[in-house]
Amino acid sequence: MTTVELTRFRVNPDQVADLLAAHSKMLADFAADLDGFLDARLVRLSDDEWLDVLTWDTPEDLAASRAKGPDLPGVAAFYATVGDVISDEDGELETGAEPVAPVAIAGHAADLARHVDGPVLLPTDGGYAGECATYNLNRVLEPALAVGATCEADVCAAVRFAAAHSLPVAVKATGHQVVLPGHGALLINTGRMNGVTVDPDRRIVRIEAGARARDVVRATAAHGLAPASGSAATVGVVGYTLGGGQSPLLGRSFGYTADHVRELTVVSAEGVSRSVTADSEPDLFWALRGGKGNFGVVTSVDLEAFPVARFYGGGLWYRGEQMADVLHTWRQWVDDLPEEMSSSVAVQRLPGRPELPERLRGAFVVHLRIGSLGEAEDAERLMAPFRNLATPLFDTIRDRPYSTMAKMHLDPTDPLPYYDQTVCLRELPEEAVDTLVELTGPDSQCPLANVEVRALGGAFDREPAVPDAVSTRGIPFVAFGFGVGGPEQRETMRGHLGRVMDALAPWAADRNMVNFMSGDEATTPEGVRQAYGADRYDHLARVKRTYDPSNMFRMNHNIRPL
């Protein structure tokens with residue numbers, strides 16, 4: 001939850017338009033000079049009572065802004081002619097209240113609509129909710145204006161509009177990682193831009209901003225190729241790549257997906273499209289590959305694909321009561337794996353959904369995921385410790401086309417409400433596994449749907465030929481957990497997630513995996529700096545100063561201009 005300043009006031013309903021105009025003027029005049037200022041919105045409490053919510057990163061940012069002026073909550077002076085201030089105070093506000101677009105933005109939305117082919121929607125427009133829809137139903141997007149981009153020109157027009165009106169820009173393709181609700185922002189939805197073009201001779205695939213992993217896998221498979229895609233078939237490939245991209249099948253052999261980007265097309269803060277390569281703009285090329293969405297709106301990526309058509313793997317599901325044996329065996333086993341073999345292990349309390357195999361519905365299980373690019377006989381020989389350990393409830397290990405790689409994890413494909421948390425581990429000793437068994441095992445009463453550990457290593461540890469800003473190189477494990485439930489389950493799920501991840505702190509690495517972090521993690525500049533590592537963050541911040549000095553692209557785990 002973010003520290004805010006609340007101004008509650010009563011206004012004549014006839015003067016609401018004046019009120020909104022005054023609010024827009026206040027933002028235009030002052031926002032650029034406020035330390036740590038994130039956004040502002042007006043919330044209607046009743047026909048004549050409103051709440052002005054001004055949001056900062058931290059209480060220290062709020063104090064710094066007050067100290068340098070303008071006097072806030074001196075914004076009340078703007079409202080003096082249109083209403084009576086009832087109270088001014090610092091406090092905290094839950095998200096979910098109805099967003100209100102400032103009247104100045106609402107008045108110009110029609111002009112923007114004339115310059116883009118896709119929809120331009122205010123919060124009161126039909127289709128707004130669908131345009132802002134997210135994968136995690138608990139992470140709601142509520143921008144002042146939503147633009148459904150259909151092409152690069154739409155993105156350019158939207159960014160130029162945001163610049164002209166001093167609006168921050170939020171970007172989403174599939175909505176799998178929503179950090180902030182986007183209050184007061186212009187949202188660009190790139191989901192319609194889902195083209196995929198394969199050059200099989202060069203083994204390069206051009207991926208538009210809204211293309212999902214399943215789209216890219218399908219297109220490349222037709223040529224006997226494969227991208228270094230992630231575990232979930234419905235994740236947007238461009239966003240996944242900008243955060244590094246941890247492929248659970250190809251990563252140990254080839255490294256992070258970002259390592260294999262050859263070119264990006266990005267719309268920068270001035271609304272201009274630019275082609276970025278290692279030769280044309282080396283600093284920006286470095287920062288975009290790992291710095292997530294902090295430097296512009298990436299509309300396409302040229303990515304190297306690999307001559308991989310098949311693999312040997314799938315999953316073994318063991319009874320939850322066998323958790324200790326499976327995890328301790330896995331901990332020792334992964335240390336000596338060849339790079340062509342990848343694995344992770346998850347403690348799962350599965351739902352009783354009909355799309356799951358009958359033996360897994362509603363079951364408490366330990367899910368061992370295995371994928372090998374080597375020969376089946378070699379893979380089976382390596383898997384002998386698990387074949388000898390116990391008979392699994394369910395076994396999907398077999399020779400497979402790469403197009404079925406998502407079946408290794410069986411991540412949920414439909415939107416759902418959940419809470420999640422991540423920690424990277426510098427080691428996984430026996431004591432760490434005992435801790436996981438204690439907190440998530442059969443006697444723990446743990447309600448979390450999934451707590452997993454992924455083994456990294458191999459090519460993940462090697463610096464690519466053209467260095468990038470990936471934060472987790474050299475880290476051997478990443479642990480991730482999530483619990484399914486709506487707002488009424490928030491405290492329960494967050495509490496259990498916190499207990500598990502905090503208990504792993506003695507073995508935690510000093511950085512984190514940016515793609516896995518939730519909106520509840522790295523919520524301060526210091527937290528983001530720690531996730532990237534101090535030197536890498538400072539380098540990113542210097543690049544940010546060059547390409548986005550006003551911090552337009554800040555609705556994320558934000559890297560502030562240095």
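Further up the page is the structure itself.
Just so it is clear, the structure is predicted and the values come from calculations on it, not from any experiment.

This brings us to the overall build of the protein chain. Summing up its helical and strand segments, the protein chain has 17 helices and 21 strands in all. Counting every position in the protein chain, which comprises 562 residues, the buried fraction comes to 57%. Counting only contacts in the protein chain whose residues sit at least 6 apart along the sequence, the fraction spanning at least 24 positions is 74%. Looking at the protein chain as shown, the accessible area adds up to about 22,100 Å², and 49% of this sits on carbon and sulfur atoms.

Before going further, it helps to examine the sheet that holds strand β10 (residues 204–208). Judged by pairing direction, the sheet is antiparallel, and its five strands sit side by side in the order β9-β10-β13-β11-β12 without closing on themselves. Each end of this open sheet is capped by a strand with a single partner; those strands are β9 (196–199) and β12 (273–276). Strand after strand, the sheet turns through a mean of 15 degrees between neighbouring axes, direction not considered. When β10 meets strand β13 (residues 297–304), the two strands line up antiparallel, connected through five bridges. By the bridge assignment, R206 is partnered in β13 with D302. Sheet strands touched by helix α6 (residues 152–164): β11 (261–267), β12 and β13. Its angle to β11, the strand with the most contacts, is close to 50 degrees. Packed on one face of the sheet, helix α7 (residues 213–221) meets β9 and β10 and runs near 30 degrees to β9.

Moving on, we get to the packing of aromatic side chains. A complete count under the given rule lists nine aromatic pairs for this structure. Measuring from centroid to centroid gives 4.7 Å for Y256 and F460, while their planes differ by 55 degrees, and the two rings are tilted. One end of the pair, Y256, is in the loop between α9 (251–254) and β11; the other, F460, is in the loop between β20 (450–455) and β21 (477–484), and 204 residues separate them in sequence. Across the pair, exposure class does not vary: Y256 and F460 are buried alike. Three or more aromatic residues joined by ring pairs make a cluster, and in this case those are Y135, Y418, F480, F482 and F516. One cation-aromatic arrangement involves R349 over F364; the distance from NZ or CZ to the ring centre is 4.2 Å.

A few words now on the pairing of β10. Strand direction decides the pairing type here: β9 and β10, joined by four bridges, are antiparallel. Pairing of V198 across the sheet is with V205, part of β10. Taking the residues that link successive antiparallel strands as the turn, the β9-β10 hairpin has four residues, and the phi of R203 there is positive, at about 55 degrees.

Within helix α16 (residues 525–532), burial applies to P525, V528, A531 and Y532. Looking straight down α16, one finds that the buried residues subtend no more than 125 degrees of arc, so they occupy a single side. Among the exposed residues of α16, those pointing more than 90 degrees away from its buried face are E526 and Q530. In this structure, the buried side of α16 is in contact with α17 (534–547). The positive-phi residue at the C-terminal boundary of α16 is G533, with phi of around 95 degrees.

Here the focus is the sheet that holds strand β6 (residues 145–148). Backbone hydrogen bonds hold the strands of a sheet together, and the pairing may be parallel or antiparallel. The four strands lie next to each other as β5-β6-β8-β7, forming an open sheet whose pairing is mixed. Strands with a single pairing partner mark the edges of an open sheet, and in this sheet they are β5 (120–121) and β7 (169–172). Strand direction decides the pairing type here: β6 and strand β8 (residues 186–189), joined by four bridges, are parallel. Bridge pairing in β8 places G148 opposite N189. Here α6 sits on the sheet and contacts β6, β7 and β8; the angle it forms with β8, its principal contact strand, is near 170 degrees.

Now for the side chain of D468. When you line up the elements, D468 lands in the loop between β20 and β21. On the accessibility criterion, D468 (5% relative accessible area) is buried. Within the structure, D468 has its side chain in polar contact with the side chain of R473 (distance 2.6 Å). When neighbours within four sequence positions are excluded, D468 is seen to be in contact with A258, D259, W286, R289, E463 and R473.

This part takes up the nonpolar core. Counting 43 residues, the largest nonpolar core has W330 and L504 as the members making the most contacts within it. Considering every element that reaches this core, the biggest residue donor is helix α11 (residues 323–333), with five residues. Setting aside residues no more than four positions away along its own chain, L504 makes contact with V423, L425, A432, L436 and A479. Within the second largest apolar cluster, 37 residues are counted, among which are V198, I207, L288 and A522.

Calculation notes
Residues numbered from 1 in each chain as written. Predicted model: local features only at pLDDT ≥ 70, side-chain atom pairs only at ≥ 80, totals over all residues. Heavy atoms only, no water. Helix = DSSP H or I, 4+ residues; strand = E, 2+ residues; numbered from the N terminus. Buried < 20%, exposed > 50% of the residue type's maximum accessible area, 1.4 Å probe, protein only. Contact = heavy atoms within 4.5 Å. Areas by Shrake-Rupley, 256 points an atom, 1.4 Å probe, with all protein chains shown as cover. Pairing = 2+ DSSP bridges. Axes fitted to C-alpha atoms, helices over the stretch in contact; angles between N-to-C directions. Phe/Tyr/Trp six-rings, centres within 6.5 Å; stacked < 30°, edge-to-face > 60°. Lys NZ or Arg CZ within 6 Å of the ring centre and 35° of its normal. Arc of directions from axis to C-beta. Polar contact = N/O pair within 3.5 Å; in protein donor to acceptor, adjacent residues only side chain to side chain. Core = buried A, V, L, I, M, F, W, Y, C linked by side-chain atoms within 4.5 Å.

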